[in-house]
Amino acid sequence: MAGENWGRVAEDGTVFVRTKDGERAVGQWPDANPEEALAFYTRRYDALAFEVELLEQRVQAGTVSPDDARAAVKKVTGSIEEAQAVGDLDGLRARLDALTPLVAQQRERRKAERAAKVEEARSAKTKIATEAETIAAGTDWRHGVTRLRELLDEWKALPRLDKSSDDELWHRFSSARTTYTRHRKQHFAELSSKREEAAVVKERLAAEAESLAASTDWGPTSGRFRDLMRQWKAAGPAPREVDDKLWARFRAAQDLFFGARDAVQAEENAEQVENLAAKEALLVEIETIVPVTDARTAREQLREYLDRWDQIGKVPRDSMRAIDGRLRAVEQAVKAAEDEVWNRSNPEARARAEATVKQLQSLIADLEKQAAKFESQGNTRKATEAREAIAARREWLTQAQNALTDFS
């Protein structure tokens with residue numbers, strides 16, 4: 001039997017196990033044959049061997065922590081020391097001893113892994129604290145609060161650091177959250193106050209708009225409505241339900257006024273289109289005055305046409321420049337003809353023209369005397385200069401005589 005290699009049964013029934021330190025009694029089996037006794041204590045050894053094997057598998061697989069593995073090795077080793085079993089106990093002890101360096105390696109590896117995780121957690125918590133401080137310094141009141149909740153969940157999922165580091169980072173994170181929350185509450189408190197103020201302003205604007213809704217003073221009232229709209233936008237939002245109701249009142253008043261104005265303007269536009277056709281037809285008659293042959297008759301005709309023109313009434317704004325331009329051209333032609341008649345009949349202008357003719361005639365006579373004198377003296381140069389001056393003055397005299405003729 002295998003047990004015979006590791007133990008024996010004495011004549012008095014004592015069972016011994018052999019180890020490197022010698023034999024050790026593990027029990028007694030009186031009144032039994034040696035084979036049965038050894039078989040019983042060998043089965044006990046097999047149970048120990050199974051326990052060692054199971055521990056080896058767990059340690060090698062890393063399913064047990066180094067501390068638990070060390071405690072288990074110590075416990076099983078103690079069981080082997082006092083084991084009442086027959087078998088290779090020294091071999092089991094050697095197998096357990098072989099696990100010690102493996103457990104040490106696993107301890108160091110786990111220690112390194114823990115250190116790495118701690119550094120990762122330190123980096124992650126630092127990042128969380130920094131992001132929270134950035135949020136606290138901003139004004140993103142809608143998304144900031146959600147992000148801070150997410151950061152808190154991320155923080156809780158991370159392992160703790162050493163106390164001083166963890167406390168320092170938590171203080172930064174917590175302070176940022178507190179600062180953000182305080183500023184956010186203050187912002188919404190101010191916003192609520194501004195909305196209440198806006199509600200008061202918009203109530204006043206809506207009431208004024210309603211008072212203007214029935215006005216038929218189209219120009220000034222339209223301008224006032226534009227002013228009210230600018231004030232409405234500048235007032236900012238009021239509480240939503242209040243804002244919607246006030247806007248409905250304001251818009252209804254606007255629609256009532258501008259609807260009435262547009263209806264009146266539509267009627268006026270239709271009338272103005274008819275007026276345009278009438279004025280265009282009248283312009284054809286007016287333009288027959290040009291060219292002007294008799295300024296007085298032209299002025300009388302134009303005066304009659306203008307009376308008819310004024311009686312027709314307004315035309316569409318975009319057509320005013322064209323037809324006014326055509327009318328103005330006729331008026332300018334008549335005015336030019338009148339100016340020409342006036343210039344020809346102006347006694348002061350005639351007197352100036354006669355004086356110019358007489359002055360030139362006298363000057364020419366004097367120059368002829370000078371020329372004759374210089375010729376008699378043989379002063380050819382002076383005589384030539386005098387003759388040239390006479391020729392120039394004769395041209396001026398011709399022009400002055402033609403101008404005087406216009407007054408005849």
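Look above for the structure.
Structural notes, computed from the coordinates. Throughout this description, residue numbers start from 1 for each chain and increase along the sequence as written. Only residues with pLDDT of 70 or above have their local features reported here, since the model is predicted, and side-chain atom pairs are shown and tallied only from 80 upward, although totals for entire chains, interfaces and linings are computed over all residues. With hydrogens and water excluded, all non-hydrogen atoms of the structure serve as input to the side-chain values.

Let us now look at the overall build of the protein. Helix numbering and strand numbering both begin at the N terminus, where a helix is a DSSP run of H or I of at least 4 residues and a strand a DSSP run of E of at least 2. Helix and strand content of the protein: 11 helices and 3 strands. Secondary structure of the protein in N-to-C order comes out as β-β-β-α-α-α-α-α-α-α-α-α-α-α. Its C-alpha atoms give the protein a radius of gyration of 62 Å, more than 25% over the compact-globule value 22 Å for 408 residues. If you line up the protein on its principal axes, its C-alpha atoms span 195 × 80 × 40 Å. When burial is assessed residue by residue, the protein has 30% of its 408 residues classed as buried. Put simply, 67% of the contacts in the protein that link residues at least 6 apart link residues at least 24 apart. For the protein, the accessible surface area stands at approximately 26,300 Å², while carbon and sulfur atoms represent 51% of it. Each radius of gyration reported is based on C-alpha atoms, and the globular scaling rule is 2.2 Å times the count of residues to the power 0.38. Exposure is judged per residue with a 1.4 Å probe applied to protein chains only, and the accessible area is read against the type maximum: over 50% gives exposed, under 20% gives buried, and values in between give partly exposed. Any two residues whose heavy atoms approach within 4.5 Å at even a single point are treated as in contact. The method behind every accessible area is Shrake-Rupley, applied with a 1.4 Å probe, and residues are considered shielded solely by the protein chains displayed.

Bringing the nonpolar core into the picture now. A general feature of soluble globular proteins is that nonpolar side chains tend to end up buried together. In plain words, nonpolar cores are sets of buried Ala, Val, Leu, Ile, Met, Phe, Trp, Tyr and Cys residues tied together by side-chain atoms within 4.5 Å. In this structure, Val15, Leu89, Leu92 and Leu96 are the most contacted members of the largest nonpolar core, which totals 26 residues. Looking at this core, the elements that each hand over two or more residues are strand 2 (14-19), helix 1 (34-61), helix 2 (66-81) and helix 3 (89-137). Of the residues forming this core, the biggest block, 9 residues, is contributed by helix 1. For valine 15, the residues in contact, after removing those within four places along its chain, are Arg8, Val9, Arg24, Ala25, Val26, Gly27, Gln28, Trp29, Ala37, Leu38, Tyr41 and Val86. Membership of the second largest hydrophobic core comes to 17 residues, among which are Ala132, Val145, Leu148 and Phe173.

Pairs of strands are assigned from DSSP output, requiring at least two bridges between the strands. With antiparallel pairing, the 3 strands of this open sheet are ordered in space as 1-2-3. The open sheet has two edge strands with one neighbour each: strand 1 (7-9) and strand 3 (22-28). Shown here is a sheet whose adjacent strand axes are inclined to one another by a mean of 25°, direction ignored. Pairing of strand 1 with strand 2 involves 3 bridges; the strand directions are antiparallel. Across the sheet, residue arginine 8 finds its bridge partner in strand 2, namely phenylalanine 16. Contacting strand 1, strand 2 and strand 3, helix 1 runs over the sheet at an angle of about 140° to strand 1. Note on geometry: axes are C-alpha line fits, over the in-contact stretch for helices, and angles between N-to-C directions span 0 to 180 degrees.

Okay, the packing of aromatic side chains next. Each aromatic pair joins two rings of Phe, Tyr and Trp (for Trp, the six-membered one) with centres within 6.5 Å, and gets the label stacked for planes under 30 degrees apart, edge-to-face for over 60, and tilted for any other angle. Scanning all chains against the criterion turns up 13 aromatic pairs. Aromatic side chains tryptophan 29 and phenylalanine 40 sit 5.0 Å apart centroid to centroid with 45° between the ring planes, which places their arrangement in the tilted category. Placement of the pair is tryptophan 29 in the loop between strand 3 and helix 1 and phenylalanine 40 in helix 1, with a sequence separation of 11 residues. Overall, tryptophan 29 belongs to the partly exposed group, its relative accessible area being 26%. Overall, the relative accessible area of 24% leaves phenylalanine 40 in the partly exposed class. Feature note: the residues Trp218, Phe225, Phe257 and Phe258 constitute an aromatic cluster, connected by ring pairs. Geometrically, a charge over a ring is one whose NZ (Lys) or CZ (Arg) sits within 6 Å of the ring centre while staying within 35 degrees of the ring normal. Between arginine 177 and the ring centre of phenylalanine 173, over which it is positioned, the NZ or CZ distance is 5.6 Å.

The values reported here are purely geometric and, on their own, carry no functional implication.
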